[in-house]
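Tertiary structure, described
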Amino acid sequence: MRQRFLLLACFLLLSLVSVVHAGEPARPQQFPPSERTLKEYLFGSQELGWADLDWETDLYYTNVSLNIPLDGSPITTVADQSEFEVYSRLMLNSLVPRFMLVEAAVMPLPLAGVALKEYARDFYGIADIGRNQNVIQWLTAGFEEPYAFSVFLGDMIKFNKPGEERLSSNKGYMGYLFSYSNQHIRNNVLIPDHSLEAEWKMKGERSFKDEKLSWSFRLGAKMHENQNIANTFYVGFRRSNLDFRVNPLEFLRNSTFDVRWDVGAKHGDLLRQEYVLGKKFPIKSWGVALKLDVGMIWEDPARYSGSLRDTNASNFTLVLRPNIQF
């Protein structure tokens with residue numbers, strides 16, 4: 001019953017995002033329709049005057065957020081500064097938070113994996129491959145919460161190229177992030193667990209007509225109320241590039257790199273490693289790109305104890321994430 005309620009709550013959250021967008025008043029067009037991307041037609045953001053309402057839809061991470069200025073100052077806009085200059089500016093300004101971001105997020109495909117294993121076990125079993133491997137688990141691996149609520153405190157900047165006004169999501173962030181969830185996903189099974197994450201995070205997205213660059217670096221800790229799940233410290237790095245102007249088969253361009261290490265808070269041993277590489281195939285006329293991420297997750301059995309310890313489970317899980325980027 002609890003699991004059905006959680007799945008229903010996630011569905012309602014997704015519906016809320018659609019309702020908010022449906023009630024959005026028409027915005028003045030800032031650039032010719034021929035230069036607008038598919039994402040800008042379908043989604044976008046709503047400026048409220050005292051705050052910015054923004055949302056993002058994705059197969060793996062869908063969220064709605066509210067950006068609130070704390071000192072009344074506008075978001076600083078930068079044009080052609082290097083990444084190092086951007087990081088330096090954010091680092092100095094994040095010491096005294098100027099903005100707060102409140103976010104609610106849901107993970108659609110990981111939730112679908114939970115639902116299939118719980119309510120369609122025969123279908124889920126068809127995807128079994130060998131010993132302790134399952135294709136559905138590959139498609140949903142790497143997300144340990146079905147949903148989360150977060151508060152960010154720090155500094156923000158807007159990126160802008162002369163003559164190209166883009167979405168308000170075209171921002172950089174640096175500061176402190178606190179996240180909460182009351183469920184934990186392990187092998188597509190929901191486990192009751194009140195967890196709190198605290199991290200220092202640097203994140204950004206530069207999205208213009210012909211190129212999109214996003215990055216994330218985080219250093220944090222995660223604490224679990226469920227004593228059978230180990231508390232950890234972690235570090236993670238992610239960088240993603242999409243360029244419509246280059247050959248789609250060029251290796252370094254149009255690619256994604258994502259890595260994370262989790263260390264046990266009790267003994268300092270490495271409990272989890274995640275490595276993911278991705279390739280994107282841009283379709284310029286549509287303003288979108290097809291993408292495929294492939295990787296591996298390794299977990300030490302010591303990460304779980306008591307009733308959650310599964311000596312028959314595999315230490316390795318493949319990651320397979322087909323997706324589309326707007």
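Analysis parameters
- Residues numbered from 1 in each chain as written.
- Predicted model: local features only at pLDDT ≥ 70, side-chain atom pairs only at ≥ 80, totals over all residues.
- Heavy atoms only, no water.
- Salt bridge = Lys/Arg side-chain N within 4 Å of Asp/Glu carboxyl O.
- Helix = DSSP H or I, 4+ residues; strand = E, 2+ residues; numbered from the N terminus.
- Buried < 20%, exposed > 50% of the residue type's maximum accessible area, 1.4 Å probe, protein only.
- Core = buried A, V, L, I, M, F, W, Y, C linked by side-chain atoms within 4.5 Å.
- Expected span 1.5 Å × (residues − 1).
- Arc of directions from axis to C-beta.
- Polar contact = N/O pair within 3.5 Å; in protein donor to acceptor, adjacent residues only side chain to side chain.
- Contact = heavy atoms within 4.5 Å.
- Phe/Tyr/Trp six-rings, centres within 6.5 Å; stacked < 30°, edge-to-face > 60°.
- Lys NZ or Arg CZ within 6 Å of the ring centre and 35° of its normal.
- Patch = residues over 30% accessible without salt bridge, like charges linked within 9 Å, V, L, I, M, F, W, Y side chains within 5 Å.
- Areas by Shrake-Rupley, 256 points an atom, 1.4 Å probe, with all protein chains shown as cover.
- Pairing = 2+ DSSP bridges.

As recorded in an unreviewed UniProt entry, the protein chain goes by Transporter and comes from Trichlorobacter lovleyi.

Before going further, it helps to examine the pattern of salt bridges. Tallied over the entire structure, the rule returns 18 salt bridges. Between Arg303 and Glu144 there is a salt bridge, and its shortest N-O distance comes to 2.7 Å. Remark: Glu144 occurs in the loop between α6 (135–140) and β6 (147–159) and Arg303 occurs in the loop between β13 (288–299) and β14 (316–325); sequence separation between them is 159 residues. In this structure Glu144 comes out as buried when scored by relative accessible area, which is 10%.

We now examine the nonpolar core. Counting 10 residues, the largest nonpolar core is built from Val78, Val86, Leu90, Ile157, Phe159, Met174, Met202, Phe208, Leu213 and Trp215. Of all the secondary structure elements, the ones that give two or more residues to this core are α3 (83–93), β6 and β9 (211–224). Core analysis: the second largest hydrophobic core is formed by seven residues, Ile75, Phe99, Phe152 and Tyr173 among them.

Here we come to helix α4 (residues 108–119). Helix length check: α4, at 12 residues, gives a terminal C-alpha distance of 16 Å against a target of 16 Å (1.5 Å per residue), a fit within 8%. Along α4, the positions that sit buried rather than exposed are Pro110, Leu111, Gly113, Val114 and Lys117. Buried residues of α4, seen end-on, are gathered within an arc of 155° and therefore sit on one face of the element.

Let us now look at the side chain of Arg272. Turning to its location among the elements, Arg272 is positioned in strand β12 (residues 270–283). Among the polar contacts made by the side chain of Arg272, one reaches the side chain of Glu144 at a distance of 3.4 Å. Separated by 3.0 Å, the side chains of Arg272 and Glu274 make a polar contact. With residues up to four places along the chain from it excluded, the contact list for Arg272 reads Gly142, Glu144, Arg260, Trp261, Asp262, Ile297, Trp298, Glu299 and Arg303.

This part covers the packing of aromatic side chains. One pass over the structure, following the stated rule, counts six aromatic pairs. Ring centres 6.3 Å apart and planes at 80° place the aromatic pair Trp261 and Tyr275 in the edge-to-face group. Of this pair, Trp261 sits in strand β11 (residues 255–264) while Tyr275 sits in strand β12; the two residues are 14 residues apart in sequence, bridging distant segments of the chain. A relative accessible area of 35% means that Trp261 is categorised as partly exposed. We note Arg186 situated over the ring of Tyr304; from NZ or CZ to the ring centre the distance is 4.1 Å.

Nonpolar side chains collect at one region of the surface, where Leu95, Val96, Phe149, Tyr176, Phe178, Tyr180, Leu196 and Met223 lie side by side and expose about 770 Å² of accessible area between them. With respect to the element layout, Met223 can be found in strand β9. Note on Met223: relative accessible area 46%, which makes it partly exposed.

Right, let's talk about the side chain of Ser181 for a bit. When you line up the elements, Ser181 lands in strand β7 (residues 171–186). Taking the relative accessible area as the measure of exposure, Ser181 reaches 1% and is therefore buried. Among the polar contacts listed, one links the side chain of Ser181 to the backbone oxygen of Tyr147, at a separation of 2.9 Å. A distance of 3.4 Å separates a polar atom in the side chain of Ser181 from the backbone oxygen of Gln183. Setting aside its immediate chain neighbours within four residues, Ser181 contacts Glu145, Pro146, Tyr147, Ala148, Asp193, His194 and Ser195.

On to the pairing of β9. Bridge count for strand β8 (residues 189–207) against β9 is 13 bridges, and the pairing is antiparallel. When the sheet's bridge partners are listed, Met202 is paired in β9 with Phe217. Here β8 folds back onto β9, and the loop between the two strands holds three residues. With 12 bridges joining them, β9 and strand β10 (residues 232–243) adopt antiparallel strand pairing. Bridge pairing links Arg218 to Gly236 in β10.

Here the focus is unusual backbone geometry. Trans is the common state for peptide bonds, and a negative phi is the common state for residues other than glycine. In the Ramachandran plot, Asn188 falls in the positive-phi region, its phi being about 60° despite a non-glycine side chain. You can see Asn188 is positioned in the loop between β7 and β8. Even without being glycine, Asn254 reaches a positive phi, approximately 55°. Structurally, Asn254 is set in the loop between β10 and β11.

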